[in-house]
Amino acid sequence: MTTLLKQWKHIFKLDPAKEITDEDLEKICESGTDAIIVGGTDNITLDNVLDLLSRIRRYTVPCILEISSMDAITPGFDYYYIPMVLNSKEKKWMMDMQHQAIKDYVDMMEFSEIFFEGYCILNEDAKAFTYTNSYLPDEEDVIAYAYMVDKVFHLPIFYMEYSGKYGDPALVAKVKTQLQHATLFYGGGIETAAQAKEMKQYADVIVVGNSIYTNMKQALQTVSAVKE
Ligand SMILES: CC(C)=CCC/C(C)=C/CC/C(C)=C/CC/C(C)=C/CC/C(C)=C/CC/C(C)=C/CC/C(C)=C/COP(=O)(O)OP(=O)(O)O
Ligand SMILES: O=P(O)(O)OC[C@@H](O)CO
Ligand SMILES: [Mg+2]
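- Naming follows an unreviewed UniProt entry, where the protein chain appears as Heptaprenylglyceryl phosphate synthase of Virgibacillus chiguensis.
- Its UniProt record, at the heading Cofactor (unreviewed entry), says of the protein chain: "Mg(2+)".
- Quoted verbatim from the Sequence similarities (unreviewed entry) field of UniProt, the annotation for the protein chain is "Belongs to the GGGP/HepGP synthase family. Group I subfamily."

As structure tokens, then:
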């Protein structure tokens, strides 16, 4: 899977707490995106996760659960992504939640399917920023986090999370030069093909979320924009 991760360019993130019609879901799943992440910050329940999973399963696209709550962990996904929030002021979101979950689930964990993500939340207005009591890191901080993910913790993914806001391409470019092993995910505010192309110049994988729900036609165009 690490090799597969290296081949991916584009991921759609679907929020189980938001409504999507069957017709739109089909367009997303058949868009040519490399994978679908199921995830969000609030109102994530076992019921809405299972409902979305069963609907995505009609298609062949790989399906990943990004775990944000212990209540919504279920078998049946191809892969599981587990955030570790590097810039949270509380150790809980970087270490303790994951530590407790490993104690609870270790017998069920198939490590080839599970990927820990070094998360850096860079938008103060994102729900996840407030939820995890994060601070806004400066450029030097972000670069040092990237170094830690790549060379200290050896995590497979460094995720620059601007959820809801288009980020700073120059910072994404700088971070990319720091990473020798980790795959660089960029997510946040991508609405147009041009934005997708710009961030994909630096990030290995771009993640498109909210624009699925606000402008589906443009969201679909982000796939071909990074695959040409
Ligand atoms: C039963 C079975 C077979 C299970 C498989 C085994 C398995 C995978 C076990 C899990 C083991 C494990 C270590 C689990 C971790 C548990 C856990 C709850 C960890 C904490 C994760 C965390 C730090 C969550 C905080 C919130 C966060 C960073 C969420 C990431 C997603 C995100 C940022 C979404 C975007 O949200 P946002 O845009 O801010 O808000 P909207 O929803 O409005 O878009
Ligand atoms: O929803 P948007 O802003 O596209 O961000 C995508 C993803 O990184 C959110 O976790
Ligand atoms: Mg979202």
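Back to the write-up after that little detour.
1. A word on the nonpolar core
Inference 1: Leu14, Ile56, Phe158, Met160 and Val175 are the most contacted members of the largest nonpolar core, which has 58 residues in total.
Inference 2: Residues within four places of valine 175 in sequence aside, it is in contact with Val142, Ile143, Ala146, Phe158, Met160 and Leu184.
Inference 3: Counting 21 residues, the second largest nonpolar core, distinct from the first, contains Tyr81, Ala126, Ala128 and Val207.

2. Section: the UniProt feature "binding site: Mg(2+)" (unreviewed entry) in the protein chain
Inference 1: Within this structure's numbering, the places UniProt gives as "binding site: Mg(2+)" (unreviewed entry) are Asp15 and Thr41. These annotated residues cover 27 residues of sequence, and their C-alpha atoms all fall within 8.6 Å of one another, placing them together at a single site.
Inference 2: Tracing the chain through its elements places aspartate 15 in the loop between strand E1 (10-14) and helix H2 (22-29).
Inference 3: A residue is classified by how much of its surface remains accessible, and aspartate 15, at 14% relative accessible area, is buried.
Inference 4: Dropping the residues within four chain positions of it, aspartate 15 is found in contact with Gly39, Gly40, Ile44, Leu52 and Tyr213.
Inference 5: Among the polar contacts listed, one links the side chain of aspartate 15 to the backbone nitrogen of alanine 17, at a separation of 2.9 Å.
Inference 6: Secondary-structure assignment places threonine 41 in the loop between strand E2 (35-38) and helix H3 (46-56).

3. Brief notes about the site of ligand 1
Inference 1: Every one of the 31 residues lining ligand 1 counts as a neighbour, but Thr41, Glu66, Lys127, Ala128 and Ser163 are closest to it.
Inference 2: At a separation of 2.6 Å, an oxygen atom of ligand 1 approaches a polar side-chain atom of threonine 41.
Inference 3: One of the side-chain N or O atoms of lysine 127 is found 2.9 Å from an oxygen atom in ligand 1.
Inference 4: Relative to its unbound accessible area of 1100 Å², ligand 1 is 95% covered by the protein chains.
Inference 5: Broken down by secondary-structure element, the contributors of at least two residues to the shell around ligand 1 are strand E4 (79-85), helix H4 (96-105), strand E5 (114-121) and helix H5 (127-131).
Inference 6: Ranked by residues supplied to the shell around ligand 1, first place goes to H4 with five residues.
Inference 7: Broken down by class, the residue content of the shell around ligand 1 amounts to 19 nonpolar, eight polar and four charged.

4. Digging into the sheet that holds E5
Inference 1: Read around the closed barrel, the eight strands follow the order E1-E2-E3-E4-E5-E6-E7-E8; overall the barrel is parallel. Ignoring which end each strand starts from, the neighbouring axes of this sheet average 30° apart.
Inference 2: Bridge count between E2 and strand E3 (residues 63-66): three bridges; the pairing is parallel. Along E3, the bridge assignment pairs isoleucine 37 with isoleucine 64.
Inference 3: Contacts between helix H6 (residues 139-152) and the sheet are confined to E5 and strand E6 (157-161), with E6 contributing the most and set at about 155° to the helix.

5. Re the packing of aromatic side chains
Inference 1: Within the structure shown, the criterion is met by 10 aromatic pairs.
Inference 2: Here tyrosine 79 and phenylalanine 115 contribute two aromatic rings whose centre-to-centre distance is 6.1 Å and whose plane-to-plane angle is 75°, an arrangement assigned as edge-to-face. A residue pair is termed long-range when its members are at least 10 positions apart, and tyrosine 79 in strand E4 and phenylalanine 115 in strand E5 qualify at 36 residues. Each of the two residues, tyrosine 79 as well as phenylalanine 115, counts as buried.
Inference 3: When the centroid spacing of 5.0 Å and the interplanar angle of 45° are considered together, the rings of tryptophan 93 and tyrosine 131 count as tilted. One end of the pair, tryptophan 93, is in the loop between E4 and H4; the other, tyrosine 131, is in helix H5, with 38 residues separating them in the sequence.
Inference 4: Every member of this aromatic cluster is reached through a ring pair, and the members are Trp8, Tyr79, Tyr81, Phe115, Tyr119, Tyr159 and Phe185.

Criteria and cut-off values
- Residues numbered from 1 in each chain as written.
- Chains lettered and ligands numbered in written order.
- Predicted model: local features only at pLDDT ≥ 70, side-chain atom pairs only at ≥ 80, totals over all residues.
- Heavy atoms only, no water.
- UniProt positions renumbered as here; feature names shortened; annotations may be inferred.
- Core = buried A, V, L, I, M, F, W, Y, C linked by side-chain atoms within 4.5 Å.
- Buried < 20%, exposed > 50% of the residue type's maximum accessible area, 1.4 Å probe, protein only.
- Contact = heavy atoms within 4.5 Å.
- Helix = DSSP H or I, 4+ residues; strand = E, 2+ residues; numbered from the N terminus.
- Polar contact = N/O pair within 3.5 Å; in protein donor to acceptor, adjacent residues only side chain to side chain.
- Near = heavy atom within 4 Å.
- Areas by Shrake-Rupley, 256 points an atom, 1.4 Å probe, with all protein chains shown as cover.
- Nonpolar A, V, L, I, M, F, W, Y, C, P; charged D, E, K, R; others polar.
- Pairing = 2+ DSSP bridges.
- Axes fitted to C-alpha atoms, helices over the stretch in contact; angles between N-to-C directions.
- Phe/Tyr/Trp six-rings, centres within 6.5 Å; stacked < 30°, edge-to-face > 60°.

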